[in-house]
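Take a look at the letters that make up each chain.
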Amino acid sequence: MILAIDVGNTNTQFGGFDENDRLVFESRIATNQFRMEDEYAITLYDILGLYNVDPKQIDGAILSSVVPPVTVQLKPAVEKICGCRVKTIGPGLKTGLNIKIDEPASLGADMAAVAVGAKENYQLPVIVIDLGTATKILAVDKSGAFIGGIIAPGVKISAEALAAKTACLPLIGISGEPIKKVIGTNTIDCMRSGLLNGTAFMLDGMIESFESEIGEKCTVIATGGFSSVIKPLCKTDFVLDENLILKGLLAIYKKNK
């Protein structure tokens, strides 16, 4: 079994793939920069136990991270529990991705893994919407090259900013009852509509502009923690794949086996 791990700013996702590349289990925990190596080891041991996976079944592991302090503690914790070497997305690791941006070395590990996941599993050209701490949209052209994208504040960040930078607006939850109309009739509904519908309408417009610049219709995929919340509000028809980054990590692991 191959263990794939993605450390994001808000959540850390674990996934185990069997010899047939089937995702056997998937688990998420809150990302905590102050958790120590042994704490991560205990957490991983408990996660594996929860899904009836013996640590000895783990033949290899791969990690992508945008939080360096967590990487320092988590990588040796995985090696301690599973007894295998952990590959880390970064310089020296082959991705098979032709990166056509101004500074290829600046591409985040998460964006590289997501792009590889899209390239390996979907028809090209492809647009990926990653709705996590930040809202990211990236494009892979029909040759399989990463050609760039956009980064905007995520839904949660926007909600926190509204509450922090205003005197009377509260911090609101993002999940809950689905939005039935755009025009809110109370403060909470107005904020929810602005945050969720605003994101959905931005995505529709961005996808239209992406396809115009690429010059053809694209496969559109949504992933990330808020993807299932935003998808019903979009006019654009796209695929929901909440485990896309794990699939990308598996593909990169196999290229470096």
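All values derive from a computational prediction rather than experimental measurement.

Caption draft 1: A look at the packing of helix H3 (residues 109–121) against helix H7 (residues 244–255). Their axes nearest at 7 Å, the elements H3 and H7 cross at an angle of 85°. The orientation of H3 with respect to H7, classified from their angle, is roughly perpendicular. Counting all contacts with H3, which are made through Asp110, Ala113, Val114, Val116, Gly117, Ala118, Glu120 and Asn121, the residues of H7 involved are Leu244, Ile245, Lys247, Gly248, Leu249, Ala251, Ile252 and Lys255. Taken together, the residues that form the contact of H3 with H7 break down as nine nonpolar, three polar and four charged.

Caption draft 2: Expanded view of the state of the cysteines. Counting across every chain of the model gives zero disulfides. Not part of a disulfide, cysteine 82 finds its nearest cysteine sulfur in cysteine 84, a span of 5.0 Å.

Caption draft 3: How the structure looks around the pattern of salt bridges. In the structure shown here, the tally under the stated rule is eleven salt bridges. Among the ionic pairs, aspartate 241 bridges to lysine 247, the shortest N-O distance being 2.8 Å. Sharing partners across several salt bridges, the network here consists of Glu37, Asp38 and Lys80.

About the criteria used
Residues numbered from 1 in each chain as written. Predicted model: local features only at pLDDT ≥ 70, side-chain atom pairs only at ≥ 80, totals over all residues. Heavy atoms only, no water. Axes fitted to C-alpha atoms, helices over the stretch in contact; angles between N-to-C directions. Helix = DSSP H or I, 4+ residues; strand = E, 2+ residues; numbered from the N terminus. Parallel < 35°, antiparallel > 145°, perpendicular 65-115°, else oblique. Contact = heavy atoms within 4.5 Å. Nonpolar A, V, L, I, M, F, W, Y, C, P; charged D, E, K, R; others polar. Disulfide = S-S within 2.5 Å. Salt bridge = Lys/Arg side-chain N within 4 Å of Asp/Glu carboxyl O.

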